[in-house]
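# Tertiary structure, described
The lines below spell out each chain.
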Amino acid sequence: MSMTKYLIRRALYLVPVFFGITFLVFSIERLAGDPVKLLTAGQTRVTEEQRQLLRQYFGLDKPVYQQYLLWLSELFTGNLGYAYTTGGGAPVSTLIGQRAVATLELQLLGLAFSLLIAIPIGVMSAKRRYSKLDLAVTNTSLVGTSIPIFFLGIMAILVLSAKTGGLFPYGGLESISPNQYPYGSAILDQLWHLVLPTSVYTFAILAPVVLLVRSSMLEVLRQDFILAARASGLKESTVIYKHGLRNALLPLLTYVGLYFGGLLTGAPITETVFNWPGVGRLFVQAINNLDFPVIQGVVVVITLMTLVANVITDIAYAYIDPRIRLE
Amino acid sequence: MSETLLSVEGLRTYFYTYAGVVKAVDGITLQVNKGETLGLVGESGSGKTVTAQSIMRIVPTPGKTIEGTVKFEERNLLRLKESEMQHIRGKEIAYIPQDPTTTLDPVYSVGDQLVEVIMRHQPVSKRYALAKAIELLHSVGIADPEIRINQYPHELSGGTKQRIAIARALSCEPILILADEPTTALDVTIQAQILELLKDLKQKLNVAMVLITHDMGIVADTCDRVTVLYAGQVCETGTTEQVFENPKHPYTEALLSSVPSLALRKETLSVIPGSVPNLIHPPSGCRFHPRCAYSRQVCIDKDPELEPIGEGRFVHCHRWKELDLKSAVAS
Amino acid sequence: MASRENPTQQREGVGQWALAWRRFKKNPAAIAGLIIVGFFAFLAAFDRLVAPYPPNCVPTPFNPFCTGQYSPLQPPSLAHPFGTDSNSYDVYSQVIYGCRAAFYIGFGATAVAMIVSVLIGLAAGYFGGNTDNLLMRLTEVFLVLPFFLILLLFLKVLYYFSNTGAGGLEIEILIIGLFSWPGNARILRSEVLRVRGLEFIEASRQIGASANRILFRHILPNVLHVLIVLTTLQIAASVLIEAGVSFLGFGDQTVATWGLEFYYGFNYISDAWWVETFPGIFLTLLVMGFNLLGNGLRDALDPRLRE
């Protein structure tokens, strides 16, 4: 197996992508304004000299390409730099590290739950094509794909959250003070906070997955090998799951790989709705504060996560589909 | 005459589609005796495949068998429970689908797919099943079965895949094999090999076979009896000799004279004018009348009966008595 | 099917478009989609007749068209059927004006995305070889880019130059369009590959038709049905993205959009449910309309699904 070869080839063309995207972000963000001015706005006692000193301290006085090269060389030693303001000037890697856990927790849980729910529904719907069940599933899914996640989230908050007298906390990772922990348990408290965001997230990405499983199942079920399997007297469940689903998983895998990147990018919206301290909200805050190192850091990390998701997909693909192995 | 193994009567399988009801199989009657090979002949769209699928009750949606009996060894298959039917499929009646390139699941190895069927119908260990699979591959003329067994379908040629499909069909020693155009998708040289293999196996195992084909040459070569289908109905049935020497239905006559290998002696190779009719709104009366050289008013008005004409032959034509049909192969 | 004739050229009887329309008419979901989209198109075209107040209306003595009094976060009433938001804008009117913005964004961004995806899909599928390889790598790159983040950055830059984000709508349209083509281009490419294999293309190549002629006279018409479906679905997706951007407060604050209402209402969820709920329903309905329409068109136009 030429896994190493594949990884090398993959890395080769992604290196220019990496440089391209980081340089793009680097130059655009600097057009958005002067962070030092923003930082010192309204502070009449700060003199222009002091501002200039601050710019020198952040390295903002140098030409953009020099700043970029400096940032790159730091990056290769594993240093993402220090935030201007966020977290009191904490190291960017620390800031992102804390948030990435929250982001991945929500994303992976949502993805896992939606797959768990969507696969059986999609399979059942495909199996009974044109039945009432199938019709109900496809139509509900269609409505599902049309509801924006922030609307769904807000509706959930309106109906279910403590903010409007409901059951669940409307956002955040945990209660502010330990006194509010249910039964005094920190773990229960975190789970309790997870319920609303995870359910909304799961339902928001459920519909497209159901439709995809259904359509790729339909595609597979009309293949001759399904007919042949049935003609061999195999149990219907063997035909559907062992032969049908295994083949139908291939497009699903591509979808998950591709869309995982998309989901990460969409994190700002989801996390804003649920006041979820993840990478997405960090990014929005950093843009609003013109905190360049944080912006760059988030872009790097999210791009890397997307790439890793793609590579994992490819490897899983080769594992499921024997036709890929030879290449 | 030998014992009847399978007898199909008045079989109707319709497809309920968006555009309308497609009457793919509309009153087909046929019979297979123990150990014999029946050729099921017709153009594409004549209902050959759907007939075979209806017998096995594996018609894909939106198709439904709505009428008829399929008697197999004193049991009406259409009345059996699905679970009982599963034990007939693959074990007593085996099916070899049309296109060998697509009948094996691409994500499982050859061995997996054979073992799966063997273990479904026989109480044997996995190791025994694997040994049996290797033996089967050997018996269908595959070289190096120990290597092939671990390979995946995409690593094999079309001919090899068809041999594997045959091996799978034979794996539980069925009494009847339905082979759906087993050679159509293959190269000519491989076609001959596969036909030879089928003939061989039939001889050795004394299994009955329904050979679905559109090729009269293959029928002449391999079949004991023939049933000719047109637009979801039977035209005529008889022994291969009877039908070839002395066709009773105009469609059979036309079919015989359009086969190059058979019509060599004739000056011209004829073509049947027109094409297979629309099965949502089939022609009135005899479905062949728009393309029939001998059609009369009665053919347009009335659908003929499938008439027994002696010596075990049946004909589905108003005018079979008056017509003196010529066979392109008659000596 | 190995036909030597170009299947899109009309033969005797009904053409394929007439057949498609017949299938479309039989599909209630598709008709529902058409009606929803039609309804919203009507609202967008005649918004000033349907909405009781001018856009972004805050009643002041200097504003003769905007009557009533300053009354933020009022629940639905006769004067304000959907209530008012924190700016005292009439939510009903804002939602109606949002229709036009939604169409503007949907059609604009989709036009950009579709032009790019057609060019890239056709070129990659038709010329194959190195062209195909290069274009498909490029597509993969675009699929990896965190485009939403880049979009937010661009809009932030805009805010530096204009403190209301005026002109942001056009920037959104351009960027959403420029980043939305990869998926569509891939699908078009595989369709082109399929059509290119048909015999009539080979035949016209052999009689010496130019690549341009083959591409635009023969191949494009034969992938048109896929293009129509992708376009419809892309409109829905673009509207959703824009709403997300505005919800985060990066949108154009001079144009009434549904996302912007969300932004205004988000801080007052517990006090004023109406500010979020009504724009949300409209947004969902329009997106659903386009999705229904797209699926209906796919069922009607895609011969592979014909049964």
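For every chain, the first residue of the written sequence is number 1, and numbering continues from 1 onward in sequence order. Throughout, the order in which chains and ligands are written sets their labels, letters from A for the former and numbers from 1 for the latter. At least 70 in pLDDT is required for a residue's local features to be given in this predicted model, at least 80 for side-chain atom pairs to be given and counted, and no such filter applies to totals for whole chains, interfaces and linings, which use all residues. To get the side-chain values, take all heavy atoms of the structure and skip hydrogens and water.

This paragraph deals with the interface of chain A and chain C. Facing the 47 residues of chain A at the interface are 43 residues of chain C. Here's the idea: put two parts together, see how much 1.4 Å probe accessible area each one loses, and the total over both is what we call buried area. A buried area of about 4,000 Å², summed over both sides, lies between chain A and chain C, and 79% of it is on carbon and sulfur atoms. By definition, a salt bridge exists where a carboxyl oxygen of Asp or Glu is found within 4 Å of a side-chain nitrogen of Lys or Arg. The interface formed by chain A and chain C holds zero salt bridges in total. Any N or O atom pair separated by 3.5 Å or less is treated as a polar contact, with the protein-specific requirement of one donor-capable and one acceptor-capable atom, and with residues adjacent in sequence counted only for side-chain atom pairs. In this assembly, chain A and chain C are joined by one residue pair in polar contact (both at pLDDT 80 or more). In this description a helix means any DSSP run of H or I spanning at least four residues, a strand means any run of E spanning at least two, and both kinds are numbered starting from the N terminus. Those elements that provide at least two residues to the side of chain A that touches chain C are helix H1 (3–29), helix H6 (132–146), helix H7 (149–160), helix H10 (236–265), helix H11 (267–273), helix H12 (279–288) and helix H13 (292–320) of chain A. Following the grouping adopted for this structure description, the nonpolar residues are Ala, Val, Leu, Ile, Met, Phe, Trp, Tyr, Cys and Pro, the charged ones are Asp, Glu, Lys and Arg, and the polar ones are all others, Gly among them. Looking at the side of chain A that touches chain C residue by residue, the classes come out as 32 nonpolar, ten polar and five charged. Residues are treated as being in contact if the distance between any of their heavy atoms lies within 4.5 Å.

Confidence in the prediction for chain A averages 85 pLDDT; 96% of positions are at 70 or higher. The predictor reports its confidence for every residue as pLDDT, a score running from 0 up to 100. When mean pLDDT is compared element by element in chain A, H12 of chain A scores highest at 92, while helix H14 (residues 322–325) of chain A scores lowest at 71.

Of note in the backbone geometry, Leu290 of chain A takes a positive phi value of approximately 50° without being a glycine. You can see Leu290 of chain A is positioned in the loop between H12 and H13. Although it is not a glycine, Asn56 of chain C sits at a positive phi angle of roughly 45°.

On to the packing of helix H8 (residues 181–196) of chain C against helix H10 (residues 211–247) of chain C, then. Residue and element names in this part refer to chain C. Orientation of H8 relative to H10, taken along the N-to-C sense of each, is 160°, at an axis distance of 10 Å. Between H8 and H10, the crossing angle belongs to the class labelled roughly antiparallel. Crossing of H8 against H10: the hand is right-handed. From H8, Asn184, Ile187, Leu188, Glu191, Val192, Arg194 and Val195 reach across to H10, where they touch Ile219, Asn222, Val223, His225, Val226, Leu227, Leu230 and Gln234. Looking at side-chain class alone, the contact of H8 with H10 contains nine nonpolar, four polar and two charged residues. Orientation is described by lines fitted to C-alpha atoms, with helices fitted over the stretch in contact, and by angles between N-to-C directions that extend from 0 to 180 degrees. Any angle that falls under 35 degrees is termed roughly parallel, while one over 145 is termed roughly antiparallel, one within 65 to 115 roughly perpendicular, and all others oblique. Less than a right angle of anticlockwise turn of the near helix away from the far helix marks a crossing as left-handed, whereas a clockwise turn marks it as right-handed.

Residues and elements named next belong to chain B. Each pair of strands is called paired provided DSSP finds at least two bridges between the two strands. One open sheet holds the eight strands; their spatial order is E6-E7-E8-E3-E9-E10-E12-E11, and the pairing between them is mixed. In the strand order of this sheet, the two ends are held by strand E6 (93–96) and strand E11 (307–310), each with one partner. The average angle at which neighbouring strand axes cross in this sheet is 20°, direction not considered. Strand direction decides the pairing type here: strand E3 (residues 37–41) and strand E9 (residues 225–230), joined by four bridges, are parallel. The residue bridging Leu40 from the neighbouring strand is Thr227, located in E9. Docked against the sheet, helix H10 (residues 250–257) engages E3, E9 and strand E10 (233–239), running at close to 105° with respect to E9.

Turning next to the interface of chain B and chain A. How big an interface is tends to be stated in terms of accessible area lost as the parts join. At the interface, 25 residues of chain B touch 22 residues of chain A. Note on chain B versus chain A: buried area summed over both sides is about 2,300 Å², and carbon and sulfur give 60% of it. On the chain B side of the contact with chain A, Val107, Tyr108 and Glu116 of chain B bury the most area, a combined 25% of that side's loss. Remark: the boundary between chain B and chain A carries one salt bridge. On the surface where chain B and chain A come into contact, there are ten residue pairs in polar contact (both at pLDDT 80 or more). Within the residue set of the side of chain B that touches chain A, elements represented by two or more residues are helix H1 (48–56), E6 and helix H3 (110–121) of chain B. Ranked by residue count, the leading element in the side of chain B that touches chain A is H3 of chain B, at four residues. In terms of residue class, the side of chain B that touches chain A is built from eleven nonpolar, seven polar and seven charged.

Turning next to helix H4 (residues 126–139) of chain B. Residues and elements named next belong to chain B. One fewer than the residue count of a helix, multiplied by 1.5 Å, yields its expected span. Across its 14 residues, H4 extends 20 Å between first and last C-alpha, which sits within 8% of the 20 Å expected from 1.5 Å per residue. Throughout, exposure labels follow a simple rule: accessible area from a 1.4 Å probe, protein chains only, divided by the maximum for the residue type, with under 20% read as buried, over 50% as exposed, and the rest as partly exposed. Within H4, the full set of buried residues consists of Ala129, Lys132, Ala133, Leu136 and Leu137. Burial along H4 is one-sided: seen end-on, the buried residues are contained in an arc of 140°. Counted as exposed and oriented over 90 degrees from the buried face of H4: Arg127, Glu135 and His138. Close packing links the buried residues of H4 with H3, helix H5 (145–148) and helix H6 (158–170). Just past H4, the residue Gly141 takes up positive phi, approximately 80°. Think of the arc as the fan of directions from the helix axis to the C-beta atoms.

Residue and element names in this part refer to chain A. Residues enter a patch when their relative accessible area is above 30% and they make no salt bridge; the linking distance is 9 Å between like charges and 5 Å between nonpolar side chains (Val, Leu, Ile, Met, Phe, Trp, Tyr). Here the open area of atoms and residues is found with the Shrake-Rupley method and a 1.4 Å probe, where only the protein chains shown may cover a residue. Taken together, the side chains of Tyr183, Ile187, Leu188 and Leu191 present a nonpolar region at the surface, about 500 Å² in accessible area. Relative to the helices and strands, Tyr183 resides in the loop between H7 and helix H8 (186–221). With relative accessibility at 80%, the residue Tyr183 sits in the exposed group.

Turning our attention to the side chain of Gln162 of chain B. Structurally, the position occupied by Gln162 of chain B is in helix H6. The contact partners of Gln162 of chain B, leaving out residues within four places of it in the chain, are Ile96, Pro97, Gln98, Pro100, Pro182, Leu186 and Ile194 of chain B.

Residues and elements named next belong to chain B. When strand E1 (residues 4–16) meets strand E2 (residues 21–33), the two strands line up antiparallel, connected through nine bridges. Counterpart to Leu6 in the pairing with E2 is Val32. Counted between consecutive antiparallel strands, the loop separating E1 from E2 contains four residues, among which Gly20 sits at a positive phi close to 150°.

Residues and elements named next belong to chain B. Alternating positions in E6 separate into two faces, Ile93 and Tyr95 on one and Ala94 and Ile96 on the other, with burial throughout. Across four bridges, E6 lies against strand E7 (residues 176–180) in parallel orientation. Its bridge partner lying in E7, Tyr95 is registered against Leu178.

Residue and element names in this part refer to chain B. The topology assignment puts Glu181 in the loop between E7 and helix H7 (188–205). Since its relative accessible area comes to 7%, Glu181 is described here as buried. Within the structure, Glu181 has its side chain in polar contact with the side chain of Thr184 (distance 2.5 Å). Beyond its immediate chain neighbours, meaning those up to four positions away, Glu181 contacts Lys48, Gln98, Ile212, Thr213 and His214.

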